[in-house]
Every structure is written in structure tokens, then in C-alpha cells.
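Below, each chain spelled out in residue letters.
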Amino acid sequence: MQRDPASHKYDFGHVLVIGGSPGMVGAPFLAARAALRIGGGLVTIASSSDVINKLEKRVEELMTLRLSKDAHELIPFIEERQVSVVVVGPGMQPGFAATVLSKLEEQNMTSVVDGGGLSALQQNPGLIKAGMVLTPHLGEFKRFFNENEEVSKPSKQAAELAKKHQVILVLKGHPTYVCAPDGQVFEDSTGGPELASAGAGDVLSGMVGGIVAQKIQP
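Residues numbered from 1 in each chain as written. Predicted model: local features only at pLDDT ≥ 70, side-chain atom pairs only at ≥ 80, totals over all residues. Heavy atoms only, no water.

Remarks on unusual backbone geometry
Leaving glycine out, the prevailing phi sign among residues is negative, and the prevailing peptide bond configuration is trans.
And then number 1: The linkage connecting H174 with the following residue, P175, adopts the cis geometry, with an omega of 0 degrees.
And then number 2: The residue P175 is located in the loop between β7 (168–171) and β8 (176–179) in this model.
And then number 3: Positive phi, normally seen in glycine, also occurs at Q82, with a value near 55 degrees.
And then number 4: Among the secondary structure elements, Q82 is positioned in the loop between α3 (74–80) and β4 (85–88).
And then number 5: For K215, which is not glycine, the phi torsion reads 65 degrees and is therefore positive.
And then number 6: By the secondary structure assignment, K215 is in the segment after α8 (200–213).
And then number 7: Classification of K215 as exposed rests on a relative accessible area of 65%. (Helix = DSSP H or I, 4+ residues; strand = E, 2+ residues; numbered from the N terminus. Buried < 20%, exposed > 50% of the residue type's maximum accessible area, 1.4 Å probe, protein only.)

Structure (C-alpha cells):
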């Protein structure tokens, strides 16, 4: 993207990464750093106080927001701080993710959902909102149907799910399938076993959030 020399950080969006839980504080950190490195103008991590207390020893240019159990701080922050995209779920417990997703239902912005956010959607399909970007790996994707059901044609089944809910679905793997709401499927054969590492999916969700924040259509 060609950038105007006189541009400022708000020209490139504000990404809000909501995630983390005790024992998994690194996940939102990886996602947030990826959003910043791919060009997002500002990035904030929102989580519970115990997670933020640990993260603030590590973050530099990333900002933080402490959330209470009912996440009532979320919407005022989004509105006051011009948040342009949210990434929900890296390292997050499904129960808290469901609370957050329910708060976001009326917000007119793209939500990138991964990790605990996907588990929350699987348990509460009514929270799936048209326009979301879902980034499951095959195991997470299977749970959208039935944990024991075989996913024999992943690209076809992913396309059907994307069309049914009018979402963009990125089925991570080798190859990766990116499915659009209109049923189109794009196959990405790059990548390989070097990506079979904890945190790679968190980085992907942050990258997607950072790209969307720069006014690039999902």
C-alpha cells in the first residue's frame, strides 16, 4: 500500500485484540504484535487485570485495556478510541469470549474470531454475525458440526458453512482454504510443517486484523 508521507497512525486503523487467560498470556501478545508489524496504526490488548498485569511487563508500543467480568468497559472504549476492527479469542476462555461477542453484536465493524472465540461460537451459534472472519484449524472446524463427524471434503464443507452464515472462513492447514460468503473458495498451498508451532494461529489472526484495519476489504 502506498502511504502518504503526511499520514498519521489513525489513518491505518486501531486494532483491538481481546484475549488471554492465566497460562495463555502470550497468545494476545503475539496477535497484537503481528497486527502492528503488518501495518496497523494502533493496537490495544484487552483482557482481565491478571493477564494485563503480566503483559505490561512485555509490551512496548502496544496499549492495554483492563476488562471486568461483564466487559462493560468494552463499548465505551471502542467508541471513544476509534477502534476499527476487533480480534477476539486468542488464548481466551470460551465463557468470557461469549460475553465479549454478545457485547459486540451491535457494533458495525469486522470481528476476526479465533481460539476461545471460535469455541464460544460453536456453543452459541446465535452469536455468529455476518461479515465475521473465522480462522479455525481442522479440529476447531469439526466442532462446528459434531466432534465425531468426519470432515471428508473440508473445502466444500467450509464453503457451505461460510455461505450459510455469510462469513469469511479461513480453514487453516495444508492447503489452507479461504471461503467467501458467496461460496467462492481460494486455495493457498504455501506454508508447511514449520507453521506447526504454538502461536502461529494467533499471529495469523493479528495479521488479518491489521490488514482489515488499513481499510482493506476482508
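Side note on the nonpolar core
And then number 1: In terms of nonpolar packing, the biggest core is built from 40 residues, with L16, I18, I78, V86 and L121 touching the most fellow members.
And then number 2: Only β1 (14–18), α3, β4, α4 (94–103), α5 (116–123), α7 (154–165), β7 and β8 provide two or more residues apiece to this core.
And then number 3: Listed in part, the 24 residues of the second largest apolar core include V17, A35, V43 and V59. (Core = buried A, V, L, I, M, F, W, Y, C linked by side-chain atoms within 4.5 Å.)

Re the layout of surface pockets
And then number 1: Taken as a whole, the largest pocket holds about 1000 Å³ of empty space.
And then number 2: Sorting the residues of the lining of the largest pocket by element identifies α1 (26–37), β7, β8 and α8 as the ones contributing at least two each.
And then number 3: Of the residues in the lining of the largest pocket, the class split is 20 nonpolar, 14 polar and five charged. (1 Å grid on protein atoms, 1.4 Å probe; cavity = no way out; pocket = protein on both sides within 12 Å on 5 of 7 lines; lining within 4 Å. Points joined across faces, edges and corners; volume = space filled by probe spheres on them. Nonpolar A, V, L, I, M, F, W, Y, C, P; charged D, E, K, R; others polar.)

Some details on a nonpolar patch on the surface
And then number 1: The grouping of M1, I211 and I216 at the surface amounts to a nonpolar patch, some 280 Å² of accessible area in total.
And then number 2: In this structure, I211 sits in helix α8. (Patch = residues over 30% accessible without salt bridge, like charges linked within 9 Å, V, L, I, M, F, W, Y side chains within 5 Å. Areas by Shrake-Rupley, 256 points an atom, 1.4 Å probe, with all protein chains shown as cover. Salt bridge = Lys/Arg side-chain N within 4 Å of Asp/Glu carboxyl O.)

Some remarks on the pairing of strand β3 (residues 63–66)
And then number 1: Direction of pairing for strand β2 (residues 42–47) relative to β3: parallel, over a ladder of four bridges. Residue pairing for β3: A46 is matched across the bridge by L65.
And then number 2: At this point the chain moves from β2, through helix α2 (residues 49–55), to the parallel β3, and the crossover so formed is right-handed. (Pairing = 2+ DSSP bridges. Right-handed = clockwise from strand over helix to strand, strands pointing away.)

Considering the pattern of salt bridges
And then number 1: Using the criterion set out here, one finds three salt bridges in the structure.
And then number 2: Residue E56 pairs with R66 through a salt bridge whose shortest N-O separation is 3.7 Å. You can see E56 sitting in the loop between α2 and β3 and its partner R66 sitting in strand β3, a full ten residues away along the chain.
And then number 3: Residues K156 and E160 are paired through a salt bridge, measuring 2.7 Å at the closest nitrogen-oxygen approach. On the criterion of helical spacing, the pair formed by K156 and E160 is a turn pair, its members being four residues apart in helix α7.
And then number 4: Accessibility expressed as a relative area gives 47% for K156, which makes it partly exposed.

Notes on the sheet that holds β2
And then number 1: Here we have nine strands laid out as an open sheet, ordered β3-β2-β1-β4-β5-β6-β7-β8-β9, and mixed in their pairing. The open sheet has two free edges, formed respectively by β3 and β9 (185–188), since each of these has just one partner strand.
And then number 2: Across two bridges, the pairing between strand β6 (residues 133–134) and β7 is parallel. Looking at the pairing, V133 lines up with I168 of β7.
And then number 3: Where α8 meets the sheet, its contacts fall on β1, β4, β5 (110–113), β6 and β7, and the angle it forms with β4 comes to roughly 170 degrees. (Contact = heavy atoms within 4.5 Å. Axes fitted to C-alpha atoms, helices over the stretch in contact; angles between N-to-C directions.)

With respect to the packing of aromatic side chains
And then number 1: Summed over all chains, the structure comprises zero aromatic pairs.
And then number 2: The side chain of R3 reaches across the aromatic face of F12, ending 3.5 Å from its centre.
And then number 3: Across from the ring centre of F29, 4.5 Å away, lies the NZ or CZ of R58, which sits over that ring. (Phe/Tyr/Trp six-rings, centres within 6.5 Å; stacked < 30°, edge-to-face > 60°. Lys NZ or Arg CZ within 6 Å of the ring centre and 35° of its normal.)

Overview of the packing of α1 against α8
And then number 1: Contact geometry of α1 with α8 gives a least axis separation of 7 Å together with a crossing angle of 35 degrees. Crossing geometry of α1 relative to α8 is assigned as right-handed. Between α1 and α8, the contacting residues are A27, L30, A31, A34 and A35 on the first element and D202, V203, S205, G206, M207 and G210 on the second.
And then number 2: Tallied by class, residues from the contact of α1 with α8 come to seven nonpolar, three polar and one charged. (Left-handed = near helix turned anticlockwise from the far one by under 90°.)

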